[in-house]
Amino acid sequence: MPARNPFAEYTQNKILSASPAEVTLMLYEGAIKFCNIAIMAIESGETEKAHVNIKKTQRIIEEFRNTLDHKYEVAEEFDKIYIYLLQRLLDANMTKDKAILEEVNMHLRSVRDTWKEVMKRCNQA
C-alpha cells in the first residue's frame, strides 16, 4: 500500500470543497507560479524545465478560454486577453525569453487581483 501523503490529501480536499470562484483563483495562482518557475529555469539555463512550466501555464489559460461563457459580453474581452497571453507564451517558449514571461506574469497578476476584488465584492453583497 502506498504511503499516505497528507499534503496531497489536503490539496485535493481544498480543491474539491472550493467554490467555482475559488477554483478560478487557484488556477490564476497556479499559472503565476508556473510562469515564475519558468522564469527561474531560464535564468539557470534549464530549458526543459522552462518548457514544461510554460506548457503548464498555457494549459491553464486554455482552460480559461474553454470555460468562457460567451453569452456575456465581457467573455469576448477575456478571450482576447487569453489569446494574447497564449501567443506571448508561445513566443517565450520558442525563444526562452524571460522578459516575455515577466510581461505575461504581470498580466496574470492583474487579472488575478481583479478576480480577487470581484470575489470580495460579491461576498459583501
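Preceding this paragraph is the structure being described.
Residues numbered from 1 in each chain as written. Predicted model: local features only at pLDDT ≥ 70, side-chain atom pairs only at ≥ 80, totals over all residues. Heavy atoms only, no water.

A.B. asks: Describe the pattern of salt bridges, and please don't skip the residues or the numbers.
C.D. replies: If you walk through the whole model with that rule in mind, you get ten salt bridges. Here Arg-88 ties to Asp-91 by a salt bridge, and the two come within 3.4 Å at their closest N and O atoms. Residue Arg-88 and its partner Asp-91 are both found in helix α4 (residues 74-95); the two are separated by three residues, about one turn of the helix. We classify Asp-91 as partly exposed; its relative accessible area is 22%. Linked by salt bridges that have partners in common, Glu-29, Arg-112, Asp-113 and Lys-116 make up one network. (Salt bridge = Lys/Arg side-chain N within 4 Å of Asp/Glu carboxyl O. Helix = DSSP H or I, 4+ residues; strand = E, 2+ residues; numbered from the N terminus. Buried < 20%, exposed > 50% of the residue type's maximum accessible area, 1.4 Å probe, protein only.)

A.B. asks: Let's hear about the side chain of Glu-103: which residues, and what values?
C.D. replies: Here Glu-103 shows up in helix α5 (residues 98-124). You can call Glu-103 buried: its relative accessible area is 18%. At a separation of 2.4 Å, a polar atom in the side chain of Glu-103 contacts the side chain of Tyr-84. Not counting the four nearest positions on each side in its chain, Glu-103 is found in contact with Tyr-84 and Arg-88. (Polar contact = N/O pair within 3.5 Å; in protein donor to acceptor, adjacent residues only side chain to side chain. Contact = heavy atoms within 4.5 Å.)

A.B. asks: Summarise the nonpolar core; cite the residues concerned and give the values.
C.D. replies: Counting 26 residues, the largest nonpolar core has Ile-61, Tyr-82, Leu-89, Leu-101, Val-104 and Leu-108 as its most contacted members. Within the residue set of this core, elements represented by two or more residues are α2 (20-43), α3 (47-66), α4 and α5. Among all residues touching Val-104, those that are not within four sequence positions of it are Cys-35, Leu-85, Arg-88 and Leu-89. (Core = buried A, V, L, I, M, F, W, Y, C linked by side-chain atoms within 4.5 Å.)

A.B. asks: Describe the environment of Val-52, listing the residues and the values that go with them.
C.D. replies: Mapping Val-52 onto the fold places it in helix α3. When the C-alpha positions of Val-52 and Phe-34 are compared, they lie 8.8 Å apart, and in sequence the two are 18 residues distant.

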